Amino acid sequence: GFIMNKLAQGLRQLDYHTNNYSYPSRRYSLATQAEYLATHIRTHFSQPVSIVAHSMGGLVLRHLAATNPELIKQAVTISTPHQGSHLARYLKQTRWRWILGEGFEQGLDGKLPDWPSHIPLAGIAGSHPVGLGRLFVHFDEPNDGTVRVSEAYLSSMKDRCVLPYSHTGILFAKEVPIQISRFFRLGCFSGAQQPI
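Note that the coordinates shown come from a computational prediction; the quantities given were computed from them, not determined experimentally. (Residues numbered from 1 in each chain as written. Predicted model: local features only at pLDDT ≥ 70, side-chain atom pairs only at ≥ 80, totals over all residues. Heavy atoms only, no water.)

### Here we look at unusual backbone geometry
Then step 1. With a phi close to 75 degrees, Asp15 is a non-glycine residue in the positive phi region.
Then step 2. Relative to the helices and strands, Asp15 resides in the loop between helix 1 (5-13) and helix 2 (30-44).
Then step 3. The phi torsion at Ser79 lies on the positive side, around 55 degrees, for a residue other than glycine.
Then step 4. Relative to the elements of secondary structure, Ser79 occurs in the loop between strand 2 (72-78) and helix 4 (86-92). (Helix = DSSP H or I, 4+ residues; strand = E, 2+ residues; numbered from the N terminus.)

### Quick notes on the layout of surface pockets
Then step 1. Put simply, the second largest pocket is a space of about 160 Å³.
Then step 2. For the second largest pocket, the full set of lining residues is Lys6, Leu7, Gln9, Gly10, Gln13, Leu14, Leu171, Phe172, Ala173, Lys174, Pro177 and Ile178.
Then step 3. At the level of elements, helix 1 and helix 6 (175-186) are the ones that each hand at least two residues to the lining of the second largest pocket.
Then step 4. Ranked by the residues each element gives to the lining of the second largest pocket, the list is headed by helix 1, at five residues.
Then step 5. Class assignment for the residues of the lining of the second largest pocket results in seven nonpolar, three polar and two charged. (1 Å grid on protein atoms, 1.4 Å probe; cavity = no way out; pocket = protein on both sides within 12 Å on 5 of 7 lines; lining within 4 Å. Points joined across faces, edges and corners; volume = space filled by probe spheres on them. Nonpolar A, V, L, I, M, F, W, Y, C, P; charged D, E, K, R; others polar.)

### Some points on the packing of aromatic side chains
To describe a pair of aromatic rings, you give the distance between the ring centres and the angle between the ring planes.
Then step 1. A full pass over the atoms with the stated rule returns three aromatic pairs.
Then step 2. Considering the side-chain rings of Phe183 and Phe189, the 5.8 Å spacing of their centres and the 40 degrees angle between planes classify their relative orientation as tilted. Considered together, Phe183 and Phe189 belong to a single accessibility category, that of buried residues.
Then step 3. Among the aromatic residues, those joined into a cluster by ring pairs are Tyr16, Phe183, Phe184 and Phe189.
Then step 4. Across the ring face of Tyr153, the terminal group of Arg160 is positioned such that the distance to the ring centre comes to 4.9 Å. (Phe/Tyr/Trp six-rings, centres within 6.5 Å; stacked < 30°, edge-to-face > 60°. Buried < 20%, exposed > 50% of the residue type's maximum accessible area, 1.4 Å probe, protein only. Lys NZ or Arg CZ within 6 Å of the ring centre and 35° of its normal.)

### Notes on the nonpolar core
Then step 1. Ranked by internal contacts, the top residues of the largest apolar core, which has 29 residues, are Ile41, Ile51, Leu61, Leu64, Ile72, Ala75 and Trp115.
Then step 2. Those elements that place two or more of their residues in this core are helix 2, strand 1 (49-54), helix 3 (56-67), strand 2 and strand 3 (121-126).
Then step 3. No other element matches helix 3, which puts six residues into this core.
Then step 4. Counting 17 residues, the second-largest nonpolar core is a separate cluster that includes Leu11, Cys161, Ala173 and Phe184. (Core = buried A, V, L, I, M, F, W, Y, C linked by side-chain atoms within 4.5 Å.)

### What about the pairing of strand 4 (residues 159-163)?
Then step 1. For strand 4, the buried fraction is high: four of the five residues fall into the buried class.
Then step 2. Two elements, strand 3 and strand 4, share five bridges in a ladder whose sense is parallel. Looking at strand 4, one finds that Ala122 is bridged to Asp159. (Pairing = 2+ DSSP bridges.)

### A look at the packing of helix 1 against helix 6
Then step 1. The geometry of helix 1 relative to helix 6 is characterised by a closest axis approach of 9 Å and an angle of 55 degrees between their N-to-C directions. Our classification of the angle between helix 1 and helix 6 gives oblique. At the point where helix 1 passes helix 6, the crossing takes the right-handed sense. Facing helix 1, whose interface residues are Leu7, Gly10 and Leu11, helix 6 presents Val176, Pro177 and Ile180. (Axes fitted to C-alpha atoms, helices over the stretch in contact; angles between N-to-C directions. Parallel < 35°, antiparallel > 145°, perpendicular 65-115°, else oblique. Left-handed = near helix turned anticlockwise from the far one by under 90°. Contact = heavy atoms within 4.5 Å.)

Structure, rendered in structure tokens:
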């Protein structure tokens, strides 16, 4: 959760109450992580919540939406490989596969539950290709150094945008909480982002 602190601060400045959720991203399956997240939401909130998830957090969110859709009001994912991860598929075949932990099956492999159509979802992708992923694989299309832009979207999303930041750098960009707030309040992003 600490990596989301700057983003949470930006959302609080826009009058949102935030609750950062931390989880051991490599220790348990994404389905199990979603069960823990569901318990956390039920413990701290009495009504459906708006969720912002980064990277693999968005894959946990996909499992949560499949099993406990009643807990989610709306959501924005940031640099989440919804279509599976080109980088993870490569790492799975190497001695570096331990980096993936339990997140590959039914997650980074792209075999994820469908997103419920009644829950508004939007996606933000980065296009600044700086990151550790470039040490392992060649990206032949726009990417954030870890996730390809095309991997970060679902056809069922209500809106999507590309911003000129890296996979981690996007969490520190001032316009990201503004875009999230616009989607949560109006159902769409502003037109200031790069075209897809």
